[in-house]
Amino acid sequence: MIAPEASEALHRLHYLRPEDEDSIAEAMVSRKFRRALTDAVVNYLVSIASPDGVDLDRVSVLVHQLNAAQFWNYYPPAEFVTAIGSQIHSEMLFALSSALKLPAQYRVLGITSDPSGQPQYSAA
Amino acid sequence: MPDVSLDDLYGPSRPPAGEVKLLESRVRPAYLRRLDGESGAQLWSVLQAVAQGLETARVVFDLYPLLWVIDANGDAWFAMEECWDVQTGRLAGLSQRDPGLRDPRWEKTGHPAMLMDDPSARIGGEIAFHGRHRAWMITNASGRYGYRPGTALRHLEAAAALFALHGPRLRPKFAAML
């Protein structure tokens, strides 16, 4: 059972409130929640088709908020970026892989037009 | 105050860690304020009203980010994240981060827009209400000014102390750099 607060937080990845961060961290023990969070993160990243400066900034903030919730312990950053890199905007990918401190080869997968197709990844 | 003290307090002034888009280099938030005795007291009165249960004020901060940054001179600035129409060059509203609700004509003004000629700054982040604790937090949630090498909790604590000096009492919530 996922706490309602944690489920609600999944809809606010674009602007998490401080209590959302706490709710997500507490819910990470649940495999079901981790899958739902992974889906939400991917959907959020894919949905930004034309990022402005704040969107790119937001990617870095989200990476660090997820780090505080131990998300990257369950989903290794390199695997995550490899799984979704071809589906997100190239600038979003650059911001994501930079924030995750991944080597340069992970920054060249992104697309430059509107994304299409279904995410191809597997939740931890 | 000599620069060395400012460096120690808030960290050195450095360029942003991420990209600054054209809009953010040309536009300043319309409702930007420098933190001083007057603006700090005004801000704190609003934040306190939220903490005391004024939901009509809380809804604004639940939906739209309140940004802060400390510039090279050690001055703190705060502003709501705004949306500007890039075609008309006019303020369009407050930031709409939700990808499902945005208007493609709009771009948002993030932290770099709060800095006048030089986009360098010491530290920045957001001021956000913690609904469970009913307390206001100051965070380093800025991809460009919050997670750079060397940025530490003590710099955020110093920023919180600067705000407190002018009124707002904010709890530091620091996220360590990856």
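About the thresholds
- Residues numbered from 1 in each chain as written.
- Chains lettered and ligands numbered in written order.
- Predicted model: local features only at pLDDT ≥ 70, side-chain atom pairs only at ≥ 80, totals over all residues.
- Heavy atoms only, no water.
- Helix = DSSP H or I, 4+ residues; strand = E, 2+ residues; numbered from the N terminus.
- Buried < 20%, exposed > 50% of the residue type's maximum accessible area, 1.4 Å probe, protein only.
- Contact = heavy atoms within 4.5 Å.
- Pairing = 2+ DSSP bridges.
- Axes fitted to C-alpha atoms, helices over the stretch in contact; angles between N-to-C directions.
- Buried area = accessible area lost by both parts, 1.4 Å probe.
- Salt bridge = Lys/Arg side-chain N within 4 Å of Asp/Glu carboxyl O.

Undergrad: Mind showing me how you'd approach the overall build of chain A here?
TA: What chain A contains, in helices and strands, is 7 helices and 0 strands. Beginning at the N terminus, the succession of helices and strands in chain A can be written as α-α-α-α-α-α-α. Considering chain A as a whole, with its 124 residues, one finds that 56% of them fall into the buried category. Within chain A, counting contacts between residues at least 6 apart in sequence, those at least 24 apart form 66% of the total.

Undergrad: Would you take a moment to explain the sheet that holds strand S4 (residues 82-85) of chain B for this structure?
TA: Hydrogen bonds between backbone groups are what pair the strands of a sheet, and the pairing can be parallel or antiparallel. Residues and elements named next belong to chain B. Overall, antiparallel pairing links the 3 strands, which are arranged S5-S4-S6 in an open sheet. Since the sheet does not close on itself, it has two edges, and those belong to strand S5 (90-94) and strand S6 (106-109), each with one partner. Sheet twist, expressed as the average angle between the axes of neighbouring strands with direction ignored, equals 40 degrees.

Undergrad: Honestly, helix H2 (residues 18-27) of chain A in this entry has me stumped. Any pointers?
TA: Note: α-helices contain 3.6 residues per turn, so residues at a spacing of three or four share the same orientation. Burial runs high along H2(A): 7 of the 10 residues are buried. Those residues of H2(A) lying buried are Pro18(A), Glu19(A), Asp20(A), Glu21(A), Ser23(A), Ile24(A) and Ala27(A).

Undergrad: Explain the environment of Arg107(A) to me, please; I cannot follow it from the model alone.
TA: Residue and element names in this part refer to chain A. Its place among the elements puts Arg107 in the segment after helix H7 (90-99). Classification of Arg107 as partly exposed rests on a relative accessible area of 26%. A sequence separation of 90 residues divides Arg107 from Arg17, and the C-alpha atoms of the two residues are 29 Å apart.

Undergrad: Whenever I open this one, the interface of chain A and chain B confuses me. Can you help?
TA: For an interface, size is often stated in terms of accessible area lost upon the parts coming together. On the chain B side, the residues contacting the 30 residues of chain A number 36 residues. Across the chain A/chain B interface, buried area totals approximately 2,700 Å², and carbon plus sulfur atoms make up 53% of it. Contact with chain B buries area across many residues of chain A, yet Tyr15(A), Val54(A) and His64(A) alone supply 25% of it, more than any other trio. Counting every contact that joins chain A to chain B gives 10 salt bridges.

Undergrad: Help me out: how do you make sense of the pairing of strand S2 (residues 66-70) of chain B in this one?
TA: Every regular strand shows the same layout, with side chains that alternate between the two sheet faces. Residue and element names in this part refer to chain B. With 5 of 5 residues buried, S2 lies mostly within the body of the structure. Across the two faces of S2 the burial is the same, with Leu66, Trp68 and Ile70 and Leu67 and Val69 all buried. Of the pairings in the sheet, the one linking S2 to strand S3 (residues 76-80) comprises 5 bridges and is antiparallel in character. Bridging from a neighbouring strand, Leu67 pairs with Ala79 of S3. The turn joining S2 and S3, which pair antiparallel and follow one another in sequence, is formed by 5 residues; a positive phi near 85 degrees is taken by Gly74. For S2 and strand S7 (residues 123-130), the ladder comprises 5 bridges, and the chain directions are antiparallel. Each residue of the ladder has a partner; that of Val69, found in S7, is Gly124.

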